[in-house]
Amino acid sequence: MVIIVIMIKKIEIKTGYNLDEYRLLTTLKSSVDELEKKAANCANLKKKTIWMVNSTATGGGVAEMLPRMISILRQLGFQVEWLVISPDNKDFFQLTKKIHNNLHGSGNPGFSDSDRNLMDQIGREMAGAFEKSVKPDDILVIHDPQPLPAGYFFLQKHSTVLAVWRCHIGIDKQNEASVSAWQFLKPYLQGFQQTIFSAQEYAPDFLKSLTQVIYPAIDPLTHKNRPLTIHKTTGILANAGLLPGNLRIITPQFEHKARVLKPDGNFSVMDDSENGNLLYQPLLTQISRWDRLKGFQALMKAFVELKSKSRTAQDTRHQKRLELVKLVLAGPDPAFIADDPEGLQVLEELKSEYLKLPKEVQKDLYLVLLPMNSAKENALIVNCLQRISTIVIQNSIREGFGLTATEAMWKSVPVLVSGAFGLTKQVRDQVEGRIHNNAEDYIGLSKVLDEMLFDARGREIYAYNGLSRVVDQFLVFKQLIHWLDVLGADGFVRNKN
Ligand code: UDP
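Residues numbered from 1 in each chain as written. Predicted model: local features only at pLDDT ≥ 70, side-chain atom pairs only at ≥ 80, totals over all residues. Heavy atoms only, no water.

### Quick look at the overall build of the protein chain
- Each helix and strand in the protein chain was counted, giving 20 helices and 15 strands.
- Radius of gyration (C-alpha) of the protein chain: 23 Å, near the 23 Å computed for a compact globule of 497 residues.
- Taken over 497 residues, the protein chain has a buried fraction of 58%.
- Intrachain contacts of the protein chain at a sequence separation of at least 6 include 73% that bridge at least 24 residues.
- Put simply, the protein chain shows about 21,100 Å² of open surface, and 51% of that area lies on carbon and sulfur atoms.
- Side chains of the protein chain give 60 positive and 55 negative charges; the mean places of these two sets differ by 3 Å. (Helix = DSSP H or I, 4+ residues; strand = E, 2+ residues; numbered from the N terminus. Rg over C-alpha atoms; globule rule 2.2 N^0.38 Å. Buried < 20%, exposed > 50% of the residue type's maximum accessible area, 1.4 Å probe, protein only. Contact = heavy atoms within 4.5 Å. Areas by Shrake-Rupley, 256 points an atom, 1.4 Å probe, with all protein chains shown as cover. Lys, Arg positive; Asp, Glu negative; His and termini not counted. Charge placed at Lys NZ, Arg CZ, Asp CG, Glu CD.)

Here it is, written out as structure tokens:
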């Protein structure tokens, strides 16, 4: 049997803003008050330690949400810790990526006996790693499939521990691939009292009676979302290498800068001569992990198609707009990501598509690798890129929710999203933005992009409506009220007492 090293790490959380600071913002006050009232009624829950467990501390929506949820819960008097657990094993990584894709209804169905053995072996070893931390009265909240078997094997030995599984992925209409992944995961769900999904439709039939729905949410004041003046935005982009470095600005250059794909096939930091026009030309942006299901490939093709429309555009202003428009496709720099073979492959495919494009399209298409050494700097760069965009796009083939759309709406930036179910939970067509249903139909996508770029008044309306939608439904306070409904529910706490 192969020896597998399990990496388990308790992640330190910075407190960040406190509740009184949020309350100073009038749009947030009533939600903060409501959350505090709710927390005051959860005395039993405050006696327990809640362990949030996932597989990574950086990258993706879960890692984005946990620190703020934990910080705010702590301020409300709850004991919450964050454990990141993952084995140093490529086969496990590939297996869980396959499960991830299958739960999204994509990829080939079917699991072998050796998949089962691997999942069991690693699950048992990861469960062992919990022993030092999790106590009999605690609550385990396991996020997504990777740490799920660890939760299962731990609960087999420690039946007094209360457990919730939070699944952030799924599709609304189950298919062969998703059913096969659910069959594979089913045994590991024994022992969990609750499951939480981002939509009722995502839960398989055997979990429906245990399922509650909680929407993901953003914290409005993190580095990813906080307001930035134009002056700050310019400074951050220059520090990150996305505007000329010779501007006279207050803050020092970031240690690691964004790298951009050049026509010679290399990713490198832009020099000042290549740099500068992101701020004053129409800009389309998609920022995501390099995952095939994010629909980058079709978006790139749609952009090429969009550019060709400048030749036939009737309106001269619009013709100019199409000539000048730029596309930024940004995601994490793989130099900072330990193990993501599929991500590298997706990036490689995008690169080879880019290299085939005519020079005049290449100059307006930026494939950007964002440094990941500093979570703060990464978040600030994403914040700026979203803010300076004319339209933020999320062309996902599948999407459990899609925080990138939420983030853009919060910033009053109009969004264009695919019909992936999670995105349609947030965006209503022609209210907060536009929906182009089929992420892979790049011709259709280019038409909607063209219409949206032409429709300046529509974009203003979407921008305004997007912000209100996020304030009403997708901020962290509402999300935590729902979490306390689940964890603090008398039934849940009492069940095993
Ligand atoms: N993100 C980031 N840097 C990147 C790429 C993505 O900070 O280089 C963030 C993005 O802003 C969002 C999260 O990662 O907060 C992605 O969440 P989403 O729900 O859109 O997709 P997921 O990655 O969970 O599938």
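So much for the structure itself; the text now carries on.
### So, empty space enclosed by the protein
- Tallied over the entire structure, the rule returns four cavities of 30 Å³ or more.
- In this structure, the largest cavity encloses a volume near 70 Å³.
- Forming the walls of the largest cavity are E64, M65, R68, M69, A217, I218, D219, T222, N225, V476 and Q479.
- Residues that form the lining of the largest cavity fall into these classes: five nonpolar, three polar and three charged.
- Estimates place the volume of the second largest cavity at around 40 Å³.
- Along its surface, the second largest cavity is lined by S31, V471, D472, Q473, F474, L475, F477 and K478.
- Looking at the lining of the second largest cavity, the elements with two or more residues in it are helix 18 (456-473) and helix 19 (476-487).
- The element contributing the most residues to the lining of the second largest cavity is helix 18, with three residues.
- Taken together, the residues that form the lining of the second largest cavity break down as four nonpolar, two polar and two charged. (1 Å grid on protein atoms, 1.4 Å probe; cavity = no way out; pocket = protein on both sides within 12 Å on 5 of 7 lines; lining within 4 Å. Points joined across faces, edges and corners; volume = space filled by probe spheres on them. Nonpolar A, V, L, I, M, F, W, Y, C, P; charged D, E, K, R; others polar.)

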